[in-house]
Amino acid sequence: MGKTLFEKIWDAHIVVEKQSGPSLIYIDRHLVHEVTSPQAFDGLRMNNRKVRRPDLTVATMDHNVPTTNRRLPILDQTSAIQIQTLAKNCKDFGIQLFDIASPNQGIVHVIGPQLGITLPGSTIVCGDSHTSTHGAFGALAFGIGTSEVEHVLASQTLWLEKPKPFEIRVEGKRKNPHAVTAKDIILSIIKNIGTGGGTGTVVEYRGEGITDLSMEQRMTICNMSIEAGARAGLIAPDEKTFDYLRGRKYTPKNYESLVDYWRETLKTDSDATFEKKYVLHIDDIAPQVSWGTNPGMTCDVTDSVPSPDDYSKGDQNQKKGAQKALEYMDLKPGTPITDIKVDRVFIGSCTNARLEDLIEASKVVKNRKVSPHVRAMVVPGSQMVKQQAEEMGLDKIFIDANFEWREAGCSMCLGMNPDILSPGERCASTSNRNFEGRQGTGGRTHLVSPVMAAAAAIEGHFVDVREMDLS
Amino acid sequence: MEPFKKIKTIVTPLDKVNVDTDQIVPKQFLKLIQKSGFGKFLFYNWRYDEDNHEKQDFVLNDKKYKNSKILVAGDNFGCGSSREHAVWALQDYGFSVVIAPSFADIFYSNCFKNGILPIVLDEQTVEKLQHMHDEIEIDLENQVIITPEEQIPFSIDAHRKNILLEGLDDIAQTLQFGDEISKFEKQSKIPSVL
């Protein structure tokens, strides 16, 4: 019987397999950041262990770095200590680090592909759930906890139960691909299958709606696999994938021979079977806006805030969850989404802070001004993205419109640095999670695409970006 | 890690679905560089108001549950961020068992690294346990929950069960496979980063 792409990558990485229970899986790339690694390095020291493969390990600082002037000292002492600790750990254990002064610094899931560290057919882990992003390149990439970070540092392997393959087919063509984006596709998927819909699975995204996407858009899709509960999400590599990685700083020297091999091997066999299947037709999908406190609580921009009864369809627990969410978000059922005013706009995060995201958002912003009551910011995903955007003059477009233009980092996606919402503030955000307090205690997050966020910044409330003149 | 022993306490009912790790331990407490002391941050935004006073309507602030080691929660517990701090907070607070109809994958796996037993039971049984006022006993060795009325069996992977019962250091175990790992590395097609 044929195998799925995921099963092929899995099988190619088995070090030890037993009759039952977990297998020992080899890890090709380990990405490390400051928040989930200090206790892992401590563990190594306590047990007198080394990092087995520093040459397969790369670190950067992204979660709590300030996005303002990099030459100033970090005011938050606990953040400063965590950042210094990573620098010391990398030095002590011989790990390549892109620190706050490096032109390669950025959100770990943005720099991996940009530097050519992410490779098709590889296994990639990081102490961060959005590691699923790298699946866009046909890699098996997933988030792990700190104990597993320590385990990978020490052994370059992990004991893993084999997840089940889940096929999500995206069929059709978007009528206006500048207004209806990859973010709207993945939010639609999560809205339909739920935040636990992918638990225990590795999703393979397939179909015309996926192969049509650029690499950066595919990363947005795979990034949010975890928001549907999936262990990982991946897309079979094609010529777009191979072109993207060609000639990057750390692209392997024998790249072309690897590409020849990947072309032959990295695809799902026609007679392979998936345990689970879901199909989304995208011809008529609308821009999406989340209204609640998990990414599944999302609707079309043309809809109104649903009532807990309509949302839960008879499930009492879901109904209670929706009631609580509406209370937290201070929203009344029946309110048109386009009537919801925003105080803040955040364009950033590992979901939507790549060059294409900024180019698309800049088209909305160009020759317009941010609404006077809105504070809006752009936080590029990496210093490389920032530099490329500045070479194109995008910074000027955003600054002229009264956006703040920041240094790279995770920033207000999770508010570990000073970029946070105040209690009660409402934010149109291109990030991935609208959990209670995620962007700041009491803050209210609405997940949207970069163009929808930009449009909300200009108008001061949500608008259907399909109706805006983007020429 | 301490070996997992039999536990007998009342349960703490947390009647919520989709409890994400941002709720279990909010991000402002992730900046610490050690594993200990996270218990005081557990469910912080639900436990305390803006002036850091205890919210009386939150279950953890009800003194009757002070000695409970068993948390019973709704579907998809531990979703979202991979932060192991969530498990460190539960453990440091005093919980040894979490029962729910389902768990997010990364959280589930993190539990076993820290001596916490996550138990999956059907929704009806979870709801029944949430309303139980008597002590219940968790017997991992025999994979059974003993209540005054009945015995509820649960399933768990044998390898993971063993790790908890023995309190094993799984890195030490893995390093015994050093030869197999080296052999794998010799034939690997994926080159070094540098």
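All of the points below concern the structure found in this document. A quick note: this is a predicted structure, and the numbers were derived from the prediction, not measured.

About the thresholds
- Residues numbered from 1 in each chain as written.
- Chains lettered and ligands numbered in written order.
- Predicted model: local features only at pLDDT ≥ 70, side-chain atom pairs only at ≥ 80, totals over all residues.
- Heavy atoms only, no water.
- Helix = DSSP H or I, 4+ residues; strand = E, 2+ residues; numbered from the N terminus.
- Buried < 20%, exposed > 50% of the residue type's maximum accessible area, 1.4 Å probe, protein only.
- Contact = heavy atoms within 4.5 Å.
- Areas by Shrake-Rupley, 256 points an atom, 1.4 Å probe, with all protein chains shown as cover.
- Lys, Arg positive; Asp, Glu negative; His and termini not counted.
- Charge placed at Lys NZ, Arg CZ, Asp CG, Glu CD.
- Pairing = 2+ DSSP bridges.
- Buried area = accessible area lost by both parts, 1.4 Å probe.
- Salt bridge = Lys/Arg side-chain N within 4 Å of Asp/Glu carboxyl O.
- Polar contact = N/O pair within 3.5 Å; in protein donor to acceptor, adjacent residues only side chain to side chain.
- Patch = residues over 30% accessible without salt bridge, like charges linked within 9 Å, V, L, I, M, F, W, Y side chains within 5 Å.
- Right-handed = clockwise from strand over helix to strand, strands pointing away.
- Axes fitted to C-alpha atoms, helices over the stretch in contact; angles between N-to-C directions.
- Parallel < 35°, antiparallel > 145°, perpendicular 65-115°, else oblique.
- Left-handed = near helix turned anticlockwise from the far one by under 90°.
- Nonpolar A, V, L, I, M, F, W, Y, C, P; charged D, E, K, R; others polar.

## What to know about the overall build of chain B
Scanning chain B for helices and strands turns up 8 helices and 8 strands. For chain B, the spread of C-alpha atoms along the three principal axes comes to 60 × 45 × 25 Å. When each of the 194 residues of chain B is scored for burial, the buried share is 59%. The long-range fraction of contacts in chain B, counting pairs at least 24 apart against all pairs at least 6 apart in sequence, stands at 65%. Here chain B has roughly 8,700 Å² of accessible surface; of this, 45% comes from carbon and sulfur atoms. Placing the 22 positive and 31 negative side-chain charges of chain B at their respective mean positions leaves the two points 5 Å apart.

## Quick look at the environment of Leu158 of chain A
You can see Leu158 of chain A is positioned in strand E8 (residues 157-160). Between the C-alpha atom of Leu158 of chain A and that of Glu356 of chain A, which follows or precedes it by 198 residues, the distance is 35 Å.

## Structural notes on the pairing of E8 of chain A
All names here are of chain A. Every second residue of E8 is oriented toward a common face, with Thr157 and Trp159 on one face and Leu158 and Leu160 on the other, all of them buried. Judged from the 4 bridges that link them, strand E2 (residues 23-26) and E8 form a sheet pairing that is antiparallel. Looking across to E8, one finds that Leu24 is bridged to Trp159.

## Comments concerning the interface of chain A and chain B
Taken residue by residue, the interface counts 82 residues in chain A and 56 residues in chain B. Here chain A meets chain B over a buried area of about 5,600 Å², counting both sides, of which 57% is carbon and sulfur. Inspection of the chain A/chain B interface yields 6 salt bridges. Salt-bridge contacts for Asp15 of chain B lead to Lys320 of chain A; the nearest nitrogen and oxygen are separated by 2.8 Å. For the pair chain A and chain B, the interface holds 33 residue pairs in polar contact (both at pLDDT 80 or more).

## Describing helix H16 (residues 450-459) of chain A
All names here are of chain A. Along H16, 9 of the 10 residues are buried, which leaves the element largely enclosed by surrounding structure. Inspection of H16 places Pro450, Val451, Met452, Ala453, Ala454, Ala455, Ala456, Ala457 and Ile458 among the buried residues, and these make up the whole buried set. At the C-terminal side of H16, Gly460 shows a positive phi close to 85°.

## Some details on a negative patch on the surface
On the surface, a cluster of negative charge is contributed by Asp315 of chain A together with Asp122, Glu123 and Glu127 of chain B. Considering the arrangement of structural elements, one finds Glu123 of chain B in helix H5 (residues 123-130). Classification of Glu123 of chain B by relative accessible area gives partly exposed; the value is 39%.

## What to know about the pairing of strand E3 (residues 70-73) of chain B
Consecutive side chains of a regular strand alternate in pointing toward one face of the sheet and then the other. Residues and elements named next belong to chain B. The alternating pattern of E3 places Ile70 and Val72 on one face and Leu71 and Ala73 on the opposite face, and all of these are buried. Of the pairings in the sheet, the one linking strand E2 (residues 11-14) to E3 comprises 4 bridges and is parallel in character. Within E3, the residue paired with Thr12 across the bridge is Leu71. Looking at chain direction, E3 and strand E4 (residues 97-100) are connected through 3 bridges and run parallel. Residue pairing across strands places Ile70 opposite Val97, the latter belonging to E4. On the question of chirality, the crossover connecting E3 to the parallel E4 by way of helix H3 (residues 85-93) is right-handed.

## Some details on the environment of Tyr48 of chain B
All names here are of chain B. If you trace the backbone, Tyr48 turns up in the loop between helix H2 (44-47) and E3. With a relative accessible area of 17%, Tyr48 lands in the buried category. Here the alpha-carbon distance between Tyr48 and Tyr93, two residues 45 residues apart in the chain, equals 15 Å. Contact partners of Tyr48, with chain neighbours within four places excluded, come to Lys40, His53, Glu54 and Lys55. Reaching out from Tyr48, the side chain makes a polar contact with the side chain of Arg47 at a distance of 3.1 Å.

## Considering the packing of helix H13 (residues 355-365) of chain A against H16 of chain A
Residues and elements named next belong to chain A. Following both chains from N to C, one finds H13 and H16 inclined at 30°, their axes separated by 8 Å at the closest point. Taken together, H13 and H16 sit at an angle that is classed as roughly parallel. Handedness of the H13/H16 crossing: right-handed. Residue-level contacts link Asp357, Glu360, Ala361, Val364 and Val365 of H13 to Pro450, Val451, Ala454, Ala455 and Ile458 of H16. Residues belonging to the contact of H13 with H16 are distributed by class as follows: 8 nonpolar, no polar and 2 charged.

Purely geometric numbers; function is a separate question.
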